[in-house]
Each structure stands twice: as C-alpha cells, then as structure tokens.
Amino acid sequence: MQQTPLTTPPYHSYEEEEMTLKDIILQVKIYTGEVIRNIVWVILLGAFLAGLGYLYTARQKVTYTAGLTFMVGQTKLANKENAELSALLAAFNNRGQNGSNKIVELMRSGRIIHEVLFEKVTTNGKMDFLANHLIDLYGFAPRWNIEPIRKGYENLNLKDFRFRNDNIEQFSEKEYRALNQVRETISGNKISGAEGNMRVTYDKFSNLFRLEIETESELISLKLSEAIYEELKAFYLEETIGRPTRNLIKIKAETDSLLQIVYRKETQLAQATARRQGLISSTAGLAIGRLNRELQNANRLYTASFEQQQKLEFVVNNQTPDFQIIDKTFIPIKDAPSKLNAVLIGGVIGTFLSIGLIIVRKIVQDALAA
C-alpha cells in the first residue's frame, strides 16, 4: 500500500507582506501629495458648493407655523329614561374613531374653509378677506394675469381677480374657480395629491387633535389656525345642539308668557273673590267660576310647557360638546433654513468630491502610463 506523500505548506514570506504594507503607505503619500499639489482646486470646488448652498437657502421662503392642540369632550345622558332624547344628536355626534375622523375631515372641508376665507383681517395696514390676503401672499394674481385661457372659456379668466363679496351661494363660475384654487392652498387636493398649508392629526391614545397652519405670513398663520378652530367649533355645536337650543329659546319664551297669564288670572280671581264678600249675586259667582276654569287651563298649559323646557334643558346641558384648547401657539414658530449649515454642508461635500476626483484622475494616469 502506497503512502501519500506529505505536502509541505506554502512558503509564507513576511518580507512580501511588509513590502505590500510599504506600497500602501507609499501610495497614500503619493495621493496625498497629488491632493496638496491641486489644493487650489479643492478650495475652489469647496467654496463653489458652499456658495451654492448659501444661494439655495437665501432663495427659500421663510415660513411661520401656528397651531393649537384641542380635545372634544362629549358627555352622556345621565338618566336612562331620557335616552331617547339622544336621537336628536345621533346624526352627527358619533362616538369613537368615526367621530374623530369626521372632525379631521370637517376641518379640511369646504364648509369650514370657505367660511374662514371670508373673515376680514387687517395685515400691513390693509383690511380685507383672508382669501384676498392669500392671493397677495402667494402671488396668485400675477400668475393668473398670464395664465392662458382656452377658447370659449374667456369668462373664466382670473386676470386682476379679487373677491368683492362673501355671498358664496351666489358666486359665479369664475369666482368658484378662484375660490377652489385658494382653498387648495390651505387644505390641499386629494385628487392630485397636492399638500396644502394645513396639517391635522389625531392621537387616539390621548384623544387630542392637533391643527397646524404654515404660511409665509406670521399673522395669517395665526389667524387661519384660530379661525378654522372657531368655525369648526361653531359648526359642530350647531349640528349637535343647534336645534334643541333654538327650541329651548322658543319654549322658554312661551313658558314665561304662560306664567304671566297664570299670574294675571290669579290676580283677577283674587279681586273678584274680594268684591263678592258680603254680596249675594249669581253674576259674581259665575264670574268667579269662569276665572277658576281659566286659571286651571292656564296652569295646565304652563305645566306642560315647563316640563318640555326641562327636557330640552337636560339635552342641551348634558350633550353640549366640550371644546377645550390644551395648547396654543401665541407666537408662530419661524422656520428659516440655516445659511451657516448650508455653507458648511456645501463646503464639506465640495472638499471630499474634489479630493475624490483628484485621486481617481491620478489612478487613471498611473494605469495608462504602466
């Protein structure tokens, strides 16, 4: 049986390894020297990109963000016997996640935004609709002045357009076109995916809503956030307890009127009874009987009206949504890009980019020369 000869391990030269390490060090020195010889280009490219960073941030608009955090508390009817009264609120006052989604969508809806756009605000010494201030702020008017209009749609040309009144129901097609464009600036456009200046979020764990408005005007950001919240609150209250509240006002007036009739009949009955004292008269007796019947009837009507008033008061007092502002931006937060950071980032990128280009050029030159 033949034995397989033992193979010796390959010879390992530590001298070769040392030479390889030397080569690496030499190459680093060569490339470093190459960079130093071209240091002017490194400085120029770094300065060029730093300048571009500065110009980019200088051209960006400064924006201001105003916002508020709020919660909507909803109470429940305490008496089960009156549970049927909650049906007055069922159409709008949903509980849970559906209700919160409805509030978020409401803030973005035309029903809220359109009302807000026609609130009058004074900025730069000029009082006008918020819609017109936004047209000035975002330069819609200059853009509209040169916007091409297809043949047959000349009546929709928005050149030099301004909103002159706030009667949205009677707007022309041209006014609606301008209104939609201004509205999309705030709430965005779901179809095109364009984002607006508004951000609305809901935290289901804390049950808090957050509304933020970011525009290029400190005052307009603040006014828009406040106006949207107030309009939402007014609309929500109207849809939940508006009808019961109006009915309560009417029934209170009716109850007070019936109470005055009761007082008047009591006074008349007392006076008729006093006059009858010591007299025997069938006429006086008939008058007193008639007044008694009128008083009883007035008392019955008053009692029924008062009970209805109490029911409506119960609904209004127990089902009024409780809007509470938890946090509010009193001075909008200024968002301005840092010019210093842009210069530093541009300079660093330019420096490393130029060094990389110099080294790559050296490698290519050495390869071609070999």
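Keep in mind that this is a model prediction, so the values were computed, not measured.

**Student:** I would appreciate a short explanation of the packing of helix α2 (residues 39-59) against helix α10 (residues 339-369) in the present structure.
**Tutor:** Two packed helices can be described by the angle between their axes and the distance between those axes. One can describe the packing of α2 onto α10 by two numbers: an axis separation of 7 Å at closest approach and a directional angle of 150 degrees. Along this stretch, α2 crosses α10, giving a crossing that reads as right-handed. Only Lys339, Ala342, Val343, Gly346, Gly347, Ile349, Gly350, Thr351, Leu353, Ser354, Ile355 and Ile358 of α10 make contact with α2, whose side of the interface consists of Trp41, Val42, Leu45, Gly46, Leu49, Ala50, Gly53, Tyr54, Thr57 and Ala58.

**Student:** Hey, could you run me through the pairing of strand β5 (residues 208-215) in this one?
**Tutor:** When strand β1 (residues 63-73) meets β5, the two strands line up antiparallel, connected through seven bridges. Within β5, the position partnered with leucine 68 by the bridge is leucine 211. Sheet topology note: the strand β4 (residues 198-203)/β5 ladder contains six bridges and is antiparallel. If you follow aspartate 203 over to β5, its bridge partner there is leucine 208. In this structure, the hairpin formed by β4 and β5 is closed by a connection of four residues, where asparagine 207 is found at a positive phi of approximately 60 degrees.

**Student:** Before we go on, may I ask you to explain a negative patch on the surface in this structure?
**Tutor:** Taken together, the side chains of Glu115, Glu119, Asp166 and Glu230 define an acidic patch exposed on the protein surface. Structurally, the position occupied by glutamate 230 is in helix α8 (residues 218-276). What makes glutamate 230 partly exposed here is its relative accessible area of 45%.

**Student:** I tried to follow unusual backbone geometry on my own but got confused; where do I start?
**Tutor:** Apart from glycine, the bulk of residues carry a negative phi angle, and the bulk of peptide bonds sit in the trans form. Located in the positive-phi region is asparagine 124, a residue other than glycine, with phi close to 55 degrees. Residue class for asparagine 124 comes out exposed when judged on its relative accessible area of 79%. The phi angle at asparagine 207 is positive, at roughly 60 degrees, despite the residue not being glycine. Relative to the helices and strands, asparagine 207 is located in the loop between β4 and β5. In this structure asparagine 207 comes out as partly exposed when scored by relative accessible area, which is 30%.

**Student:** What should I look at first to understand the confidence of the model for the protein in this one?
**Tutor:** In low-pLDDT segments, the atomic positions of the prediction should not be examined closely. With 79% of its residues at a pLDDT of 70 or more, the protein shows a mean pLDDT of 77. Segment residues 14-18 is flagged for pLDDT under 50; beyond a separation of four residues in sequence, or across chains, it makes one contact in the model. The model gives residues 77-96 a pLDDT under 50, and that stretch makes 36 contacts with residues more than four places away or in other chains.

**Student:** Just checking my understanding: could you explain the side chain of arginine 162 for this structure?
**Tutor:** Position of arginine 162 among the secondary structure elements: in the loop between α6 (140-145) and α7 (173-187). Within the local environment of arginine 162, its side chain forms a polar contact with the side chain of aspartate 128, the two groups lying 3.1 Å apart. In this structure the side chain of arginine 162 is engaged in a polar contact, spanning 2.6 Å, whose partner is the side chain of aspartate 136. If we ignore the near neighbours within four places in the chain, the residues touching arginine 162 are Lys126, Asp128, Asn132, Ile135 and Asp136.

**Student:** Before we go on, may I ask you to explain α2 in this structure?
**Tutor:** Structurally, the α-helix is built with 3.6 residues per turn, so residues lying three or four positions apart point the same way. Under the 1.5 Å per step criterion, the end-to-end length of α2 is 30 Å for 21 residues, consistent within 8% with the ideal 30 Å. Along α2, the residues that are buried comprise Val42, Gly46, Ala50, Gly53 and Thr57. Projected down its long axis, α2 carries its buried residues within an arc of 55 degrees, all on one side. Set apart from the buried face of α2 by more than 90 degrees, the exposed residues are Val40, Trp41, Phe48 and Arg59.

**Student:** Before we go on, may I ask you to explain the nonpolar core in this structure?
**Tutor:** Across soluble globular proteins, nonpolar side chains show a tendency to be buried alongside one another. Residues Phe70, Leu117, Phe163 and Ile228 are the most contacted members of the largest nonpolar core, which totals 42 residues. For this core, the elements supplying multiple residues, two or more each, are β1, α3 (96-108), α4 (110-117), α5 (130-137), α7, β4, β5 and α8. Apart from the residues within four sequence positions on either side, isoleucine 228 is in contact with Met107, Ile112, Ile113, Val116, Met198, Leu211 and Ile213. Grouped together as the second largest cluster of nonpolar side chains are seven residues, Val262, Ala272, Ile288 and Leu291 included.

**Student:** Looking at this structure, I do not really get the pattern of salt bridges. What am I missing?
**Tutor:** Here the structure, examined in full by the defined rule, presents 11 salt bridges. Put simply, glutamate 231 and arginine 111 hold a salt bridge, and the shortest N to O gap is 3.5 Å. Here the residue glutamate 231 occupies a position in helix α8, and arginine 111 occupies one in helix α4, the gap between them amounting to 120 residues. The exposure class assigned to arginine 111 is partly exposed, which follows from its relative accessible area of 42%.

**Student:** So what exactly am I meant to see when it comes to the packing of α4 against α7 here?
**Tutor:** Direction vectors running N to C along α4 and α7 enclose 105 degrees, while the axes themselves pass 10 Å from each other. Considering their axes alone, α4 and α7 lie roughly perpendicular with respect to each other. Residues Gly110, Ile113, His114 and Leu117 of α4 lie in contact with α7, whose contacting residues are Leu179, Val182, Arg183, Ile186 and Ser187.

Conventions and cut-offs
Residues numbered from 1 in each chain as written. Predicted model: local features only at pLDDT ≥ 70, side-chain atom pairs only at ≥ 80, totals over all residues. Heavy atoms only, no water. Axes fitted to C-alpha atoms, helices over the stretch in contact; angles between N-to-C directions. Helix = DSSP H or I, 4+ residues; strand = E, 2+ residues; numbered from the N terminus. Left-handed = near helix turned anticlockwise from the far one by under 90°. Contact = heavy atoms within 4.5 Å. Pairing = 2+ DSSP bridges. Patch = residues over 30% accessible without salt bridge, like charges linked within 9 Å, V, L, I, M, F, W, Y side chains within 5 Å. Areas by Shrake-Rupley, 256 points an atom, 1.4 Å probe, with all protein chains shown as cover. Salt bridge = Lys/Arg side-chain N within 4 Å of Asp/Glu carboxyl O. Lys, Arg positive; Asp, Glu negative; His and termini not counted. Charge placed at Lys NZ, Arg CZ, Asp CG, Glu CD. Buried < 20%, exposed > 50% of the residue type's maximum accessible area, 1.4 Å probe, protein only. pLDDT = per-residue confidence, 0-100. Polar contact = N/O pair within 3.5 Å; in protein donor to acceptor, adjacent residues only side chain to side chain. Expected span 1.5 Å × (residues − 1). Arc of directions from axis to C-beta. Core = buried A, V, L, I, M, F, W, Y, C linked by side-chain atoms within 4.5 Å. Parallel < 35°, antiparallel > 145°, perpendicular 65-115°, else oblique.

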